[in-house]
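So the chains spell out like this:
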Amino acid sequence: MFSDAWPLAVLAVLLAWPVPVFLARAAWPRRHARAAIALWQAVGIAGGLSLIGAPLAVGVAPLDKHLRTGLVELWRDAFHLRVPASLGLAQEVALALAAVLTVRLVGVTLLSAFRIERDLRRQRDAVDLAAEHADRQLRVLEHAAPAAYCLPGTRPRIVITEGTIAALAPDELEAVLAHERAHAKWRHELVVQPFVAWESALPLPPARRATASVTALVEMLADDHAARSAGRPALARALVAIGGTAGPVPNQRADDGSGAARSTPGTPTLDRVQRLVKPPGGAALAERVMGPAAWLAAILLVAGPTWYVLR
Ligand SMILES: [Zn+2]
């Protein structure tokens, strides 16, 4: 009777807890940051679809054993303002649960996107007023504490303090700017923001782990970009100089690519420095196949449930 519901429910549980925990603990994402981000995104999309799809399938089960055709039947009755006679209380509760989950996930995502964009706009306006305009993007704040961060958007700002300029050698400063420009150019905030929204909608430890992991992976992508243009040693020295144990708050807060204030801890700088000083290996075959395997898993995670529902 619940033929479509159980596989979706099992998938929803797996993607809501054990899979994020396992993925957050894995070491291979340090070597394949882009593939790991794609896999995290697939986990989020498939998790959301299965979380809503499972109660929907339970709700329409008396109408049809397949979710898609059951939904068509339900829609026909709803269009004529009829409640199908075959639906019992359990099915009505399941449909209500699916509706609540849909509204919560979509609503929180939209609200989160709106708030983040509003906060970013205010911060961009404030920094344009308070800071020296070094070029079209770069703003220099008159402050002794070292800090560097990106305020992302269609017209991004890269913000550094005079303390940063004083603390860094020219090649180190270039590395820091390249890192921040990578955040701005590749719109890393669009990668992180859905996970912030996911965490707001479902404030559970796996969601927090997902946000922290994706935030760290985005930092690694920007580090790799900066290392290619300015060199790994310069970037590592810069991180030690301005992003070390003291942990300048402005850097950590906005340097996560989301540009939004929130409670998630910043990326562990020490881990990034170690990764730059001692680049992840990759000689072993198992290490090298993890990247392509992650891409394949990401595609299957999204395509599988989609095919299952639409078949
Ligand atoms: Zn960064």
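In the block above lies the structure referred to throughout.
Given the structure is predicted, the values throughout are model-derived calculations rather than measurements.

Asker: Sorry if this is basic, but what is going on with the overall build of the protein chain here?
Answerer: Helix and strand counts for the protein chain come out as 13 helices and four strands. Out of the 311 residues in the protein chain, the part that is buried amounts to 46%. Here the protein chain has roughly 15700 Å² of accessible surface; of this, 67% comes from carbon and sulfur atoms.

Asker: What is the right way to read the nonpolar core from this model?
Answerer: If you look at soluble globular proteins, the nonpolar side chains tend to sit buried side by side. Core analysis: the biggest nonpolar cluster contains 28 residues, and Leu39, Trp40, Val214, Leu217 and Leu301 have the highest contact counts within it. For this core, the secondary-structure elements that each account for two or more residues are α1 (5-16), α3 (33-60), α8 (188-201), α9 (205-230) and α13 (285-310). Among the elements that line this core, the one with the most residues is α3, at ten residues. Of the domains in this structure, domain 1 (1-87 + 284-311) and domain 2 (134-280) are the two that each give at least three residues to this core.

Asker: Is there a simple way to think about the sheet that holds strand β4 (residues 157-161) in this case?
Answerer: In a beta sheet, neighbouring strands are held together by backbone hydrogen bonds and run either parallel or antiparallel to one another. One open sheet accounts for four strands, arranged β1-β2-β4-β3; its pairing is mixed. The outermost strands of the open sheet, each flanked by one partner alone, are β1 (132-133) and β3 (148-151). Sheet topology note: the β3/β4 ladder contains four bridges and is antiparallel. Note that in β4 the partner of Cys150 across the bridge is Ile158.

Asker: Can you walk me through α13 in this structure?
Answerer: Given 3.6 residues per turn, any residue in an α-helix points the same way as the ones three and four places further on. With 26 residues, α13 extends 37 Å between its outermost C-alpha atoms, agreeing within 8% with the 38 Å of an ideal straight helix rising 1.5 Å per residue. At Gly291, α13 shows its maximal bend, which comes to roughly 30 degrees, and the proline Pro292 appears one to four places after that position. By the burial criterion, the buried members of α13 are Gly291, Ala294, Ala298, Leu301, Pro305 and Tyr308. Looking at the buried positions of α13, the neighbouring elements they touch are α1 and α3.

Asker: Explain the packing of aromatic side chains here, please?
Answerer: Aromatic ring pairs: the centre-centre distance and the angle between the two ring planes describe each pair. If you walk through the whole model with that rule in mind, you get two aromatic pairs. Aromatic side chains Trp75 and Phe79 sit 6.3 Å apart centroid to centroid with 45 degrees between the ring planes, which places their arrangement in the tilted category. In this pair, Trp75 and Phe79 both sit in helix α4 (residues 67-79), four residues apart, roughly one turn of the helix. Residues Trp75 and Phe79 agree in their burial class; the two are exposed. For the ring pair Phe195 and Trp198, a centre distance of 5.9 Å and an interplane angle of 55 degrees mean the geometry is tilted. Here the residue Phe195 and the residue Trp198 both occupy positions in helix α8, the gap between them amounting to three residues, near one helical turn. The ring centre of Tyr308 lies 4.2 Å from the NZ or CZ of Arg311, which sits over that ring.

Asker: Honestly, the pairing of strand β2 (residues 138-141) in this entry has me stumped. Any pointers?
Answerer: Walk down a regular strand and you will see the side chains alternate between the two sheet faces. Looking at chain direction, β1 and β2 are connected through two bridges and run antiparallel. Its bridge partner lying in β2, Glu132 is registered against Val140. The hairpin formed by β1 and β2 contains four residues between the paired strands.

Asker: Help me out: how do you make sense of the pattern of salt bridges in this one?
Answerer: For side chains of opposite charge, pairing can occur when their charged atoms come near one another. In this structure the tally under the stated criterion is 15 salt bridges. Linking Arg157 and Asp128 is a salt bridge whose minimum nitrogen-to-oxygen distance equals 2.7 Å. Of this pair, Arg157 sits in strand β4 while Asp128 is found in helix α5 (residues 89-130), placing the two residues 29 residues apart along the sequence. Classification of Arg157 by relative accessible area gives buried; the value is 4%. Between Arg237 and Glu172 there is a salt bridge, with its nearest N and O atoms 2.8 Å apart. In this pair, Arg237 is assigned in helix α10 (residues 232-242) and Glu172 in helix α7 (residues 170-185), connecting sequence segments 65 residues apart. Judged by relative accessible area, which is 10%, Glu172 ranks as buried.

Calculation notes
- Residues numbered from 1 in each chain as written.
- Predicted model: local features only at pLDDT ≥ 70, side-chain atom pairs only at ≥ 80, totals over all residues.
- Heavy atoms only, no water.
- Helix = DSSP H or I, 4+ residues; strand = E, 2+ residues; numbered from the N terminus.
- Buried < 20%, exposed > 50% of the residue type's maximum accessible area, 1.4 Å probe, protein only.
- Areas by Shrake-Rupley, 256 points an atom, 1.4 Å probe, with all protein chains shown as cover.
- Core = buried A, V, L, I, M, F, W, Y, C linked by side-chain atoms within 4.5 Å.
- Domains from an automatic or database assignment.
- Pairing = 2+ DSSP bridges.
- Expected span 1.5 Å × (residues − 1).
- Bend = angle between axes of the 7 residues up to and from the residue.
- Contact = heavy atoms within 4.5 Å.
- Phe/Tyr/Trp six-rings, centres within 6.5 Å; stacked < 30°, edge-to-face > 60°.
- Lys NZ or Arg CZ within 6 Å of the ring centre and 35° of its normal.
- Salt bridge = Lys/Arg side-chain N within 4 Å of Asp/Glu carboxyl O.

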